[in-house]
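Summary of the model geometry
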Amino acid sequence: MKQLSVLFFTLLFTQNSFAQKLNPTDFTQDLEYLKDSLPSNHKNLFAKISREDFVKQINKIETQANDLDYDRFSTELLKLIVAIGDEHTRVWPNYDRFLPIKLSSFKEGYFVTQIDTSLSKLLLTQLVAINNKPITEVVNQFEAVVLSENTSFFDVNLMQVINKPAILKGLGIITNINEVPLTFKTTDGKEETINLKSIGPKNNLKPVKPTQYSTLLSYKQNKNYWFEYNAENETLYFKYAKCQEDTSYPFVKFNSDLFKEIGEKNPKKLIIDLRDNSGGNSAILNPFFEELASSYINKKGKLFVLIGKTTFSSALMNAVRFKRYTKAQLVGQPTSGNINHYGEVRGFDLPKTKISISYSTKYWENWKGKKGPLLPDQNIAYSIESFRNSKDEALTYVYQQK
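The chain has the name S41 family peptidase in an unreviewed UniProt entry, where Pedobacter ureilyticus is given as its organism.

Put into structure tokens, the structure is as follows:
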């Protein structure tokens with residue numbers, strides 16, 4: 001599947017200077033435009049919501065027009081999209097402020113994995129409250145604006161929006177978007193609250209990440225695809241990070257080099273890592289599947305595919321193909337993408353607020369009769385302690401298989 005919504009991601013931090021000039025008529029006109037345009041463009045908008053309920057929800061937002069500002073309006077649109085229930089149909093507001101922090105989910109909770117250098121002491125501490133509200137309550141409130149039927153999808157997308165003050169304000173969690181009280185639990189069990197100032201796209205942010213992002217194998221190279229042979233474990237590791245052609249290293253050439261390495265090293269195991277792959281064009285991997293079909297490595301106990309919460313869209317389609325047509329064992333966590341789903345994304349902008357809407361134009365039935373995410377054969381629960389010690393539980397599991 002070709003992902004055509006990549007540009008929408010760039011809109012997350014676009015300057016929103018016009019937001020203050022909006023009036024109730026602007027909101028109403030955008031809602032009427034959305035009411036007409038989304039059903040006529042979407043492949044099947046009413047797969048999970050009735051036309052009547054869709055119209056009712058839009059009309060309900062219109063009744064609040066006099067009390068809306070840009071933040072509340074965009075939050076109400078997010079709620080509408082959740083009711084539609086299509087993982088590829090999204091709202092992309094033009095947020096002009098964000099908190100300079102990124103979080104990652106572990107089995108123990110949510111931990112800081114990127115922050116400004118000035119606050120580096122907070123790296124790998126646990127977020128336990130926002131504006132004195134326990135994080136569990138905050139997460140429950142976000143279910144109104146992030147699709148939560150697929151828990152992996154919810155978890156991944158929560159991490160992308162929880163640092164947006166506009167959404168926190170729209171949900172009633174905070175009132176001041178310029179400074180947000182965050183409470184962290186440090187490694188010694190103590191709690192510390194800081195008032196984190198939000199920043200705009202033009203800033204002097206100097207982000208820092210934990211050193212684990214340079215020591216763990218899966219983060220070793222920042223490329224669409226790469227491989228590395230481990231002589232000690234006699235294992236060949238193939239990282240497939242993006243379903244996207246690298247023009248400087250075409251996949252056909254890469255694939256030839258990969259199987260040449262397999263022929264020369266004769267590895268006992270081949271690991272394909274799809275955990276961080278959120279999609280692109282599923283056909284990129286076709287040469288690999290064709291070569292794999294006749295390879296000795298396509299056997300149970302030799303072929304392993306790592307999947308996870310970020311495995312989405314075209315990467316999910318590749319993972320389903322591994323499950324159905326190869327001898328691979330899937331290791332990791334359920335995918336954020338559902339096996340059968342709407343996709344092939346297009347989009348339009350609302351005329352007044354300029355908020356971007358992405359929508360699906362095709363239904364992908366990758367495995368007839370299947371519902372929900374693709375599940376691993378061996379589930380892995382990633383812990384913060386293992387991460388602190390630069391241990392990858394999924395790779396450890398594969399290495400230990402006889």
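1. So, the layout of surface pockets
One water molecule sets the probe size; rolling that probe over the atoms shows where empty space is left. Taken as a whole, the second largest pocket spans an internal volume of roughly 390 Å³. Every residue lining the second largest pocket is counted, 21 residues in all, and those nearest its centre are Lys48, Gly85, Asn338, Asn340 and His341. In terms of residue class, the lining of the second largest pocket is built from 7 nonpolar, 8 polar and 6 charged.

2. Let's talk about unusual backbone geometry
Notably, Asn131 is not glycine yet its phi reads approximately 55 degrees, a positive angle. Mapping Asn131 onto the fold places it in the loop between β4 (126-130) and β5 (133-134). A relative accessible area of 31% means that Asn131 is categorised as partly exposed. With a phi angle near 70 degrees, Asn132 is a residue other than glycine that sits in the positive phi range. Residue placement: Asn132 occurs in the loop between β4 and β5.

3. Focus: the sheet that holds strand β14 (residues 341-349)
The antiparallel open sheet is built from 3 strands, whose spatial order is β1-β15-β14. Lying at the two open borders of the sheet, with one neighbouring strand each, are β1 (90-92) and β14. Each neighbouring strand pair of the sheet contributes to a mean axis angle of 25 degrees, computed without reference to strand direction. Across 3 bridges, the pairing between β1 and strand β15 (residues 356-364) is antiparallel.

4. Quick word on empty space enclosed by the protein
Summed over all chains, the structure comprises 3 cavities of 30 Å³ or more. The space that makes up the largest cavity amounts to roughly 310 Å³. Along the wall of the largest cavity there are 20 residues; nearest its centre are Leu78, Arg90, Val91, Val145 and Asn157. Secondary-structure elements contributing two or more residues to the lining of the largest cavity are α4 (70-84), β1 and α6 (151-161). Ranked by residue count, the leading element in the lining of the largest cavity is α6, at 4 residues. Here the second largest cavity is characterised by a volume of approximately 50 Å³. As for the second largest cavity, its lining consists of Leu99, Ile101, Leu103, Leu127, Ile130, Ile162, Asn163 and Leu182. At the level of secondary structure, the elements contributing two or more residues to the lining of the second largest cavity comprise β2 (101-106) and β4. Of the residues contributing to the lining of the second largest cavity, the split by class is 7 nonpolar, 1 polar and no charged.

5. A short note on the pairing of strand β3 (residues 109-116)
With respect to burial, β3 is a largely interior element, 8 of its 8 residues being buried. As defined by bridge partners, β2 adjoins β3 across 6 bridges and the pair is classed as antiparallel. In the sheet register, Ile101 faces β3, and the bridge partner there is Ile115. In this structure, the hairpin formed by β2 and β3 is closed by a connection of 2 residues. Relative to strand β8 (residues 207-208), β3 runs antiparallel, the two being bridged by 2 bridges. Bridging across to β8, Ile115 finds its partner in Val208.

Here is what the cut-offs are and how they apply
Residues numbered from 1 in each chain as written. Predicted model: local features only at pLDDT ≥ 70, side-chain atom pairs only at ≥ 80, totals over all residues. Heavy atoms only, no water. 1 Å grid on protein atoms, 1.4 Å probe; cavity = no way out; pocket = protein on both sides within 12 Å on 5 of 7 lines; lining within 4 Å. Points joined across faces, edges and corners; volume = space filled by probe spheres on them. Nonpolar A, V, L, I, M, F, W, Y, C, P; charged D, E, K, R; others polar. Helix = DSSP H or I, 4+ residues; strand = E, 2+ residues; numbered from the N terminus. Buried < 20%, exposed > 50% of the residue type's maximum accessible area, 1.4 Å probe, protein only. Pairing = 2+ DSSP bridges. Axes fitted to C-alpha atoms, helices over the stretch in contact; angles between N-to-C directions.

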